[in-house]
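Analysis of the macromolecular model
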Amino acid sequence: MKSGLTLLQAVLAVVAGGTALFGLVGAAISADAELLLTLAFGFGALTLARFVWRPISFWLDGVAAALIALTLVWALPRGTVMPGHYWFGMVSAWAFAWLFVDQLSAAIRKGTVPRQAMGLLIPAVFGVSLLVMWEIVTRGANVPPVLLPAPSAIGAQLANSAPILWADFVQTFVKSVIPGYIIGCLAGLVVAIAVDRSPFLKAGLLPIGNFMSALPIIGIAPIMVMWFGFDWQSKAAVVVAMTFFPMLVNTVAGLNAASSIERDLMRTYAANYWQTLLKLRLPAAGPFIFNALKINSTLALIGAIVAEFFGTPVVGMGFRISTGVGRLAIDLVWAEIAVAAVAGSAFYGVIALIERGVTFWHPSVRGGRA
Amino acid sequence: MNRVLPILTILVAILAFWYAAAIWMNAPWQNILNGRANLENVPFLEFAQQTWAQDKPVLPAPHQVFSEIWNATMGLEFTSRRSLALHAWITLSATLLGFVLGTGLGVVLAVAIVHNDAADRSLMPWIIASQTIPILAIAPMVVVGLGAIGLTGLVPKALISMYLSFFPVVVGMVKGLRSPEAIQLDLMRTYDANPWQVFWKLRWPAALPMLFASMKVGIAISLIGAVVAELSNAAGGGLGVRLLTGSYNGQTIQIWAALFIAAGLAAVLVAIVGAAERMVNARNGVRA
């Protein structure tokens, strides 16, 4: 093919350039055309030249996507539905972004573009496209903010109510999640090590532990609120119950990970039980333990927030979410969700980083992918 | 027998511990009750039985929970608002719908990821990131939001279940669809197989064991998603609503009964998927 594209890319190129052309026509015949947006449409329409003249660099597709998206968001009207030809801009920007990403990943595969920096660019483009589409659809179609606020409104709310969000974060994350997480994981670890010495107990506890990990343990939240009161203690108790069983099951499995030849080596060193445990079996169980820690990091946050639905003092992420829904302060709710998502991702990320440092010897880490 | 005995022992130990804990936790209230009734020096056995028979105990004894389950399922008409069987069915239907949708979405995404480089690089990080968002925590809000645009009843709950259950399926299926080795793919090339045939005759069968392993995880979290999603809509019914009303009215026995029904549902669903797994694997000649 003259343009040097695959079939999928050619289709995307036609859609991207074609919708930009339609947008240009729409801007020409409508009265209230934004100059910058019209110029961006013109740039996008020019890329159609690749089919008749010569192939163009995929970086130009990326530039076209960014230009159209930026000018479109900038030109979005406030409080009314946007003009019809703006929708061409959204489709065009989306098609350009996809085209760009598809060609970029092909280039990475061929090795013409450095993998390290560009590998991060692709998911970033996807995330930004999603945000831009969200912004355009909510503001362009004038969706009521009660249903779905625009990302910019959520961002503004995030900045405005930072003290409230911070207090909720401290109440839920620092006071409930962290103590519960530490207690639950430590208890699971200690019980697993204790049980590990008795095959009888292991045979009995392991199936029950597996069964318990599949149960909706979150349902004990109302019971814990009754037992431990409204404050953070009950939330921490829910988190303990939720994190205990994944840790127990994974650690028991991990303690069996050391092969018999390695255990025999420890025997030839005349190592006693504790030396074998600390120097061989616990390090060998590392990947399993970290797997449980990662699973538990998301479970813990969920447990604490859901437990707050059953009764809280007047602070906390779950409290803010449930009352925000009641008061129709949906942008505050979304700001709270954003905080929860960032906190959850950061929590997960920190544990993944520690894992890379501690279990550096494991093939899954040495291979460069955690 | 060697496998059952340890489990039975542990279960008996848990039961014994539970009864003991019920005496200990219910004792303060029972002492107050006995004090009001001017009962003094109640013998220990009688006192224990009293703590196991309270109306709103701090910790209900196992037999109270099971008799409540029996009364609320078998003892009532299925259509009664207090029938646990009805509420279990409401939750189960949302779970199953969400599970089917989630598994379908997961398989489609996995196929796209395996066959398209750009999809792999752009989708995979976000699919993983999507699970660090505590969706369960915002599930009630999502249900309210969807209710505002006219989606009520079964669908919003099923969407939450779908969001939770697609993730293990995507991850497992990507692994499974990539599990055929280069030598097997080369063999398909020597047969001049087209991509369609490679998929149905090599990749799909190779991925089936992973699919079932993921589905077992997926159906368990589908149920959790459905229960939590019900917390926002007390009129809609379901096990989550029983938990919520039980907690507002202090009906501990009702909470525990709903909890046990949910646990039983989870166990049955996982067992069904496990049975299907064994059947399919046996037909495909996988050795257990």
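Every value quoted in this text rests on a predicted model; they were computed, and no experiment measured them.

**Some points on the overall build of chain A**
What chain A contains, in helices and strands, is 15 helices and zero strands. In terms of C-alpha radius of gyration, chain A reaches 27 Å, well past the compact-globule figure of 21 Å for 370 residues. For chain A, the C-alpha atoms occupy an extent of roughly 85 × 55 × 30 Å along the three principal directions. Across the 370 residues of chain A, 49% fall into the buried class. When the accessible surface of chain A is split by element, carbon and sulfur atoms take 73% of a total near 17,400 Å². Across chain A, the centroid of the 22 positively charged side chains sits 11 Å from that of the 14 negatively charged ones.

**What to know about a nonpolar patch on the surface**
Residues and elements named next belong to chain A. On the surface, Leu7, Leu8, Val11, Val15, Val91, Trp94 and Trp98 cluster together to form a nonpolar patch covering roughly 600 Å² of accessible area. Of all the elements in the fold, those that place two or more residues in the nonpolar patch are α1 (7-29) and α4 (86-110). Tracing the backbone shows Leu8 in helix α1. Take Leu8: its relative accessible area is 35%, and that puts it in the partly exposed class.

**Section: helix α13 (residues 317-326) of chain A**
Where burial is concerned, most of α13(A) is hidden: seven out of the 10 residues are buried. A:Leu328 sits one or two residues past α13(A) and shows a positive phi near 60 degrees.

**Points about the environment of B:Glu230**
All names here are of chain B. Along the polypeptide, Glu230 turns up in the loop between α9 (195-229) and α10 (239-249). In sequence terms Glu230 and Gln251 are 21 residues apart; their C-alpha atoms lie 18 Å from each other. If sequence neighbours within four positions are ignored, Glu230 has contacts with Ile90, Thr91, Lys157, Gly237, Gly238, Leu239, Gly240 and Val241. Here the side chain of Glu230 touches Gly240 through a polar contact of 2.8 Å, landing on its backbone nitrogen.

**Section: the interface of chain B and chain A**
At the interface, 49 residues of chain B touch 47 residues of chain A. Roughly 4,100 Å² of surface becomes buried between chain B and chain A when both sides are summed, with 82% attributable to carbon and sulfur atoms. Along the contact surface separating chain B from chain A lie zero salt bridges. At the level of secondary structure, the elements contributing two or more residues to the side of chain B that touches chain A comprise α1 (4-36), α5 (117-130), α6 (135-148), α9, α10 and α11 (252-283) of chain B. By residue class, the composition of the side of chain B that touches chain A is 37 nonpolar, 10 polar and two charged.

**Thoughts on the packing of aromatic side chains**
Evaluation of the coordinates by the stated rule reveals 19 aromatic pairs over all chains. The interplanar angle of 75 degrees and the centroid separation of 5.4 Å between the aromatic rings of A:Phe173 and A:Phe347 together place this pair among those described as edge-to-face. Residue A:Phe173 is located in helix α7 (residues 162-196), and its partner A:Phe347 is located in helix α14 (residues 330-358); the two are separated by 174 residues in the primary sequence. Here the two residues A:Phe173 and A:Phe347 agree in accessibility, since each one is buried. Seen from their ring centres, B:Phe66 and B:Phe260 are 5.5 Å apart, and the 80 degrees between their planes marks the pair as edge-to-face. Separated by 194 residues along the polypeptide, B:Phe66 in helix α3 (residues 62-73) and B:Phe260 in helix α11 bring together distant segments of the chain. By the ring-pair criterion, three or more aromatic residues cluster together here, those being A:Trp166, A:Phe169, A:Phe173, A:Tyr181 and A:Phe347.

**Notes on α1(B)**
Compared with an ideal rise of 1.5 Å per residue, which puts 33 residues at 48 Å, α1(B) spans 47 Å between its outermost C-alpha atoms and is within 8% of the ideal. A maximum bend of about 55 degrees is found in α1(B) at B:Ala27, where proline B:Pro28 lies one to four positions downstream. Those residues of α1(B) that sit buried are B:Pro6, B:Ile10, B:Trp18, B:Ala21, B:Ala22, B:Ile23, B:Asn26, B:Ala27, B:Gln30 and B:Asn34. The elements touched by buried residues of α1(B) are α8 (199-214) of chain A together with α2 (44-51), α3 and α11 of chain B. Phi turns positive, to about 55 degrees, at B:Asn38, one or two residues after α1(B).

**Digging into empty space enclosed by the protein**
Scanning all chains against the criterion turns up three cavities of 30 Å³ or more. Lining the largest cavity, in full, are A:Ile218, A:Gly219, A:Pro222, A:Val306, A:Phe310, B:Val227, B:Val228, B:Leu231 and B:Leu243. Of the residues belonging to the lining of the largest cavity, the class tally is eight nonpolar, one polar and no charged.

**Here we look at the domain arrangement of chain B**
Residues and elements named next belong to chain B. Partitioning chain B into domains gives domain 1 (4-56) and domain 2 (84-283). Once you take the C-alpha centre of each, domain 1 and domain 2 turn out to be 40 Å apart. Taken together, the contact pairs four residues of domain 1 with seven residues of domain 2. When the two sides are added together, the surface that domain 1 and domain 2 hide from each other amounts to roughly 340 Å², 59% of it contributed by carbon and sulfur. On the domain 1 side of the contact with domain 2, Trp18, Asp55 and Lys56 bury the most area, a combined 94% of that side's loss.

**Side note on the side chain of A:Thr19**
Residues and elements named next belong to chain A. By the element assignment, Thr19 lies in helix α1. A residue is classified by how much of its surface remains accessible, and Thr19, at 10% relative accessible area, is buried. Within the local environment of Thr19, its side chain forms a polar contact with the backbone oxygen of Val15, the two atoms lying 2.7 Å apart. Setting aside anything within four residues of it in sequence, one finds Thr19 in contact with Val14, Phe88, Val91 and Ser92.

Conventions we followed
Residues numbered from 1 in each chain as written. Chains lettered and ligands numbered in written order. Predicted model: local features only at pLDDT ≥ 70, side-chain atom pairs only at ≥ 80, totals over all residues. Heavy atoms only, no water. Helix = DSSP H or I, 4+ residues; strand = E, 2+ residues; numbered from the N terminus. Rg over C-alpha atoms; globule rule 2.2 N^0.38 Å. Buried < 20%, exposed > 50% of the residue type's maximum accessible area, 1.4 Å probe, protein only. Areas by Shrake-Rupley, 256 points an atom, 1.4 Å probe, with all protein chains shown as cover. Lys, Arg positive; Asp, Glu negative; His and termini not counted. Charge placed at Lys NZ, Arg CZ, Asp CG, Glu CD. Patch = residues over 30% accessible without salt bridge, like charges linked within 9 Å, V, L, I, M, F, W, Y side chains within 5 Å. Salt bridge = Lys/Arg side-chain N within 4 Å of Asp/Glu carboxyl O. Contact = heavy atoms within 4.5 Å. Polar contact = N/O pair within 3.5 Å; in protein donor to acceptor, adjacent residues only side chain to side chain. Buried area = accessible area lost by both parts, 1.4 Å probe. Nonpolar A, V, L, I, M, F, W, Y, C, P; charged D, E, K, R; others polar. Phe/Tyr/Trp six-rings, centres within 6.5 Å; stacked < 30°, edge-to-face > 60°. Expected span 1.5 Å × (residues − 1). Bend = angle between axes of the 7 residues up to and from the residue. 1 Å grid on protein atoms, 1.4 Å probe; cavity = no way out; pocket = protein on both sides within 12 Å on 5 of 7 lines; lining within 4 Å. Points joined across faces, edges and corners; volume = space filled by probe spheres on them. Domains from an automatic or database assignment.

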